[in-house]
Amino acid sequence: MNFQQLRSVREAARRNFNLTDVANALFTSQPGVSRQIRELEDELGVVIFERNGKRLTGMTEPGKGILKIIERLLVEAENLQQASSEYAAQDSGTLTVAVTHTQARYALPQVVQAFRTSFPGVRIALQQSAPDHIAEWVLSGRADIGIATEGLSTFPDLVSFPCYRWSHLVVVPDGHPLLGRSPIKLADLAEFSLITYDVGFTGRSHIDAAFAAAGVNPDIVLTAMDSDVIKQYVSLGMGVGIVASMAFDHGRDRGLRAIESSHLFAPNVTRLAVRRGAYLRAYAYDFIERFAQGFTRADIERALHPVAVE
């Protein structure tokens, strides 16, 4: 039994039994993946995967139980590497943070700046993507920490911490008709073309839910991942923007006006997530404490490694 066999099984389950995708993820060949899986099944004397010819189609019941053990073994193997690295170099290394565009642009800069002052030997790698990809990167070990508003709390193998609450606001050019309406209503917004976030980004689900609950059909003509992109198109007169409140700066966003709209949309919570059971280096705990204020290292360790109660 070897780690490559275990990784082959784990990746096959994660990638919907597509051996081509598994081979690409593990930087090997498809026949090589099939061989690793077969050798492990032969050694254990258990069929892990259901098959249709040479294709994997699902997991057997024994295979599902074995997969849970494999997941734990691989997590602990990665933890062992992290632990040895920490003892070898307490204050140096790389902290990889997977994050959405809005969080990277508006929420992280002060935290990163303060962190770098305390840990000048640590390199920070920011990986910007969609919440689902962020979760996948943290689960696979490609990222140490994930930060997003939507989705992170829905993954059972992630431990997520609430960091801060925020709301949306409406952005329009100077002189726009909506500036004369107070308080603004969802029906008012529906009179205009709207520009906001892609589905799955930056609280978009709360925007859609508010319109649906009110029975109002909005005309969303353009979507983007980045708040600055949304504001740019609003400034061109292409529509009314709905952005995160922290993404608007009255001094910098000249020619644009913000309209209070927290009464229209449910509040949002930005969360920080770490893989359950992961071993974190000391500086990772420090970063989490800075961004998820109110949580101590002891709190984080208890959430990551809960003590089983018999």
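Shown above is the structure to which this text applies.
Everything numeric here is computed off the predicted structure, so don't read it as measured data.

What counts as what
- Residues numbered from 1 in each chain as written.
- Predicted model: local features only at pLDDT ≥ 70, side-chain atom pairs only at ≥ 80, totals over all residues.
- Heavy atoms only, no water.
- Helix = DSSP H or I, 4+ residues; strand = E, 2+ residues; numbered from the N terminus.
- Polar contact = N/O pair within 3.5 Å; in protein donor to acceptor, adjacent residues only side chain to side chain.
- Contact = heavy atoms within 4.5 Å.
- Axes fitted to C-alpha atoms, helices over the stretch in contact; angles between N-to-C directions.
- Parallel < 35°, antiparallel > 145°, perpendicular 65-115°, else oblique.
- Nonpolar A, V, L, I, M, F, W, Y, C, P; charged D, E, K, R; others polar.
- Pairing = 2+ DSSP bridges.
- Core = buried A, V, L, I, M, F, W, Y, C linked by side-chain atoms within 4.5 Å.
- Buried < 20%, exposed > 50% of the residue type's maximum accessible area, 1.4 Å probe, protein only.
- Salt bridge = Lys/Arg side-chain N within 4 Å of Asp/Glu carboxyl O.
- Patch = residues over 30% accessible without salt bridge, like charges linked within 9 Å, V, L, I, M, F, W, Y side chains within 5 Å.
- Areas by Shrake-Rupley, 256 points an atom, 1.4 Å probe, with all protein chains shown as cover.
- Arc of directions from axis to C-beta.

Section: the side chain of asparagine 268
Turning to step 1, where the next piece is worked out: Looking at where asparagine 268 falls in the secondary structure, it is placed in strand E12 (residues 268-275).
Turning to step 2, where the next piece is worked out: At 3.5 Å, the side chain of asparagine 268 and the side chain of histidine 168 are in polar contact.
Turning to step 3, where the next piece is worked out: Leave out the neighbours within four places in its chain, and asparagine 268 touches Thr149, Tyr164, Arg165, Trp166, Ser167, His168, Gly203 and His206.

Section: the packing of helix H11 (residues 282-291) against helix H12 (residues 297-304)
The relative placement of two packed helices comes down to the angle between their axes together with the axis-to-axis distance.
Turning to step 1, where the next piece is worked out: For the pair H11 and H12, the least separation of the axes is 10 Å and the interaxial angle reads 105 degrees. Taken as axis vectors, H11 and H12 run roughly perpendicular relative to one another. Seen from H11, the contacting residues are Ala282, Tyr285, Ile288 and Glu289; seen from H12, they are Arg297, Ile300, Glu301 and Leu304.
Turning to step 2, where the next piece is worked out: Of the residues in the contact of H11 with H12, the class split is five nonpolar, no polar and three charged.

Observations concerning the sheet that holds strand E4 (residues 122-128)
The pairing of strands in a sheet happens through backbone hydrogen bonds and is either parallel or antiparallel.
Turning to step 1, where the next piece is worked out: Pairing in this open sheet of five strands is mixed, and the strands run E4-E3-E5-E12-E6 from one edge to the other. Each edge of the open sheet is held by one strand with a lone partner, namely E4 and strand E6 (158-166). With direction set aside, neighbouring strand axes in the sheet form an average angle of 20 degrees.
Turning to step 2, where the next piece is worked out: For strand E5 (residues 145-148) and E12, the ladder comprises three bridges, and the chain directions are antiparallel. Across the sheet, the residue bridging to isoleucine 147 is leucine 272, located in E12.
Turning to step 3, where the next piece is worked out: Taken strand by strand, helix H7 (residues 131-140) contacts strand E3 (93-99), E4, E5, E6 and E12, and its axis lies near 165 degrees from that of E5.

A word on the sheet that holds strand E8 (residues 193-197)
Turning to step 1, where the next piece is worked out: Strands sit in the order E9-E8-E10-E7-E11 across an open sheet of five strands; the sheet is mixed. The sheet is open, and its two borders are formed by strand E9 (219-224) and strand E11 (256-260), each paired with just one other strand. Here the average twist between neighbouring strands, direction ignored, is 30 degrees.
Turning to step 2, where the next piece is worked out: Strand direction decides the pairing type here: E8 and strand E10 (residues 240-244), joined by two bridges, are parallel.

Digging into the nonpolar core
Turning to step 1, where the next piece is worked out: Within the largest apolar cluster, 30 residues are counted, with the highest numbers of intra-cluster contacts made by Leu95, Ile145, Ile147, Leu272 and Phe287.
Turning to step 2, where the next piece is worked out: Counting residues in hydrophobic clusters, the runner-up holds 19 residues, among them Ala23, Leu40, Met59 and Leu67.

Examining the pattern of salt bridges
Turning to step 1, where the next piece is worked out: Inspection of the entire model under this criterion finds 18 salt bridges.
Turning to step 2, where the next piece is worked out: Close ionic contact of glutamate 39 with arginine 35 constitutes a salt bridge, the shortest N to O distance being 3.9 Å. Taken together, the residues glutamate 39 and arginine 35, both in helix H3 (residues 30-44) and four residues apart, mark about one turn of the helix.
Turning to step 3, where the next piece is worked out: Here arginine 181 ties to aspartate 188 by a salt bridge, and the two come within 3.1 Å at their closest N and O atoms.
Turning to step 4, where the next piece is worked out: A relative accessible area of 12% places aspartate 188 in the buried class.
Turning to step 5, where the next piece is worked out: Several salt bridges converge on common partners, so that one network encompasses Arg105, Asp228, Lys231, Asp249, Arg252 and Asp253.

With respect to the environment of glutamate 41
Turning to step 1, where the next piece is worked out: For glutamate 41, the position within the fold is in helix H3.
Turning to step 2, where the next piece is worked out: Considered as a pair, glutamate 41 and valine 9 are 32 residues apart in the sequence and their alpha carbons are 10.0 Å apart.
Turning to step 3, where the next piece is worked out: Once residues lying within four places of it in the same chain are set aside, the contact partners of glutamate 41 are Val46, Val47, Ile48, Phe49 and Arg51.

Digging into H7
Turning to step 1, where the next piece is worked out: What H7 keeps buried is the set Pro131, Ile134, Ala135, Trp137, Val138 and Leu139.
Turning to step 2, where the next piece is worked out: Residues of H7 that are buried in the fold lie against helix H1 (3-14), E3, E4, E5, E6 and E12.
Turning to step 3, where the next piece is worked out: Glycine 141, located one to two residues past H7, shows a positive phi value of around 90 degrees.

So, a nonpolar patch on the surface
Turning to step 1, where the next piece is worked out: Nonpolar side chains collect at one region of the surface, where Val229, Tyr233, Leu236 and Met238 lie side by side and expose about 340 Å² of accessible area between them.
Turning to step 2, where the next piece is worked out: Checked against the element boundaries, valine 229 lands in helix H10 (residues 227-235).
Turning to step 3, where the next piece is worked out: Exposure remark for valine 229: the relative accessible area of 33% places this residue in the partly exposed category.

Describing H10
Turning to step 1, where the next piece is worked out: Among all positions in H10, only Ser227, Ile230, Lys231 and Val234 are buried. Viewed along the axis of H10, the buried residues span an arc of 95 degrees, placing them on a single side of the element.
Turning to step 2, where the next piece is worked out: Check the buried side of H10 and you find it contacts helix H5 (101-107), strand E7 (168-173), E8, E9, E10 and E11.
Turning to step 3, where the next piece is worked out: Looking at where H10 begins, the residue whose side-chain oxygen comes 2.7 Å from the main-chain nitrogen of aspartate 228 is aspartate 226.
Turning to step 4, where the next piece is worked out: Glycine 237 lies just past H10 and shows a positive phi near 80 degrees.

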